[in-house]
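Overview (structure and organization)
Residue strings, one per chain:
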Amino acid sequence: SYITMLHTYETLGWWRRSAEVKRIHFAEEYNEYHHLLIWESLGGDQDWSVRFFAQHSAIVYFFVLIVLWVCSPSLAYNFSELIEAHAVDTYTEFAESNKELLQSMEAPPIAKAYYEAPDMYVFDEFQTSRSSSPLLTTNTFNSTILNVTYNLNNKDGKLPRRP
């Protein structure tokens, strides 16, 4: 939705500085897409009701962000930050509650392909807390689900460091 609104503003001539911002938002969107693929590969897409709820929630979220953006771009960003903070809390709780089990499980192929890619340009593009998070350097990945979970959120530097 951010790329859509940035493109709309740019097309209408309201804002001409959006190339860099669009590139960062694309990188973030690409990262979120891989989060989805990772969780789906772990069985998160098996139940049709879960898929139905997730797909329809995404559509509603898209349009809510557009409406918020029209009212105030900063309001839309703040709302997204609240959603992201909730996701970080959820991942943290999940990782800490299931630490031993997750440490014993191998990471899915999609996670390995994403985090071990030779060209991490898209992943590196939106990193802002690299200095506080040594886990987040190109091609740093451990092959367990626990570390995949840490990688999913460590982009924000909000999960504990990898054990």
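Preceding this paragraph is the structure being described.
These notes cover the structure that comes with them. (Residues numbered from 1 in each chain as written. Predicted model: local features only at pLDDT ≥ 70, side-chain atom pairs only at ≥ 80, totals over all residues. Heavy atoms only, no water.)

Side note on the overall build of the protein
For clarity, the cut-off: Helix and strand assignments come from DSSP, with helices taken as H or I runs of at least 4 residues and strands as E runs of at least 2, each series counted from the N terminus. Type-normalised accessible area, obtained with a 1.4 Å probe on protein chains alone, sets the label of each residue: buried when under 20%, exposed when over 50%, and partly exposed for intermediate values. Two residues qualify as a contact provided that any one of their heavy atoms is within 4.5 Å of a heavy atom in the partner residue.
Scanning the protein for helices and strands turns up 8 helices and 0 strands. Overall, the protein shows an N-to-C arrangement of helices and strands of α-α-α-α-α-α-α-α. Across the 163 residues in the protein, those meeting the buried criterion constitute 33%. In the protein, the proportion of contacts linking residues at least 24 apart, taken out of those at least 6 apart, comes to 63%.

A word on the pattern of salt bridges
Put simply, the rule is: By convention in these notes, a salt bridge is any Lys or Arg side-chain nitrogen within 4 Å of a carboxyl oxygen on Asp or Glu.
In this structure the tally under the stated criterion is 2 salt bridges. Where Lys99 meets Glu96, a salt bridge forms, and the shortest distance between an N and an O atom there is 3.8 Å. Under the relative-accessibility criterion, Lys99 is labelled partly exposed at 34%. Using a relative accessible area of 36% as the deciding quantity, one classes Glu96 as partly exposed.

Digging into the side chain of Thr144
Note that Thr144 resides in the loop between α7 (121-125) and α8 (145-154). Setting aside its immediate chain neighbours within four residues, Thr144 contacts Leu102, Gln103, Met105 and Ala107.

Things to note about a nonpolar patch on the surface
Under the convention used in this document: To count toward a patch, a residue needs a relative accessible area above 30% and no salt bridge. Like charges then connect within 9 Å, nonpolar side chains (Val, Leu, Ile, Met, Phe, Trp, Tyr) within 5 Å. In this description, accessible areas are obtained by the Shrake-Rupley approach with a 1.4 Å probe, and a residue is regarded as covered only by the protein chains that are shown.
Taken together, the side chains of Phe26, Tyr30 and Tyr33 present a nonpolar region at the surface, about 300 Å² in accessible area. Its place among the elements puts Phe26 in helix α2 (residues 19-44).

A word on helix α4 (residues 73-97)
This is how it is decided: Expected span, for any helix, means 1.5 Å times one less than how many residues it has.
In a regular helix each residue adds 1.5 Å, so 25 residues correspond to 36 Å; α4 covers 36 Å between its end C-alpha atoms and thus fits that length. Every buried residue belonging to α4 is among Ala76, Ser80, Val88, Tyr91 and Ala95, and all of these are buried.

Quick notes on the environment of Ile145
Note on placement: Ile145 falls in helix α8. Excluding residues that lie within four positions of it along the chain, Ile145 makes contacts with Leu42, Leu102, Met105, Glu106, Ala107 and Pro108.

Section: the nonpolar core
Here is the rule we go by: We define a nonpolar core as any set of buried Ala, Val, Leu, Ile, Met, Phe, Trp, Tyr and Cys residues linked to one another through side-chain atoms lying within 4.5 Å.
In this structure, Met5, Leu6, Tyr9, Trp15, Leu65, Ile66, Leu68, Trp69 and Ala76 together form the largest nonpolar core, which totals 9 residues. Where this core is concerned, the elements lending two or more residues are α1 (2-12) and α3 (48-71). Looking at this core element by element, the count peaks at 4 residues for α3. When near neighbours in sequence (up to four residues on either side) are disregarded, Met5 contacts Ile66, Trp69 and Val70. Of all hydrophobic cores here, the second largest spans 8 residues; its members include Tyr91, Ala107, Tyr114 and Val148.

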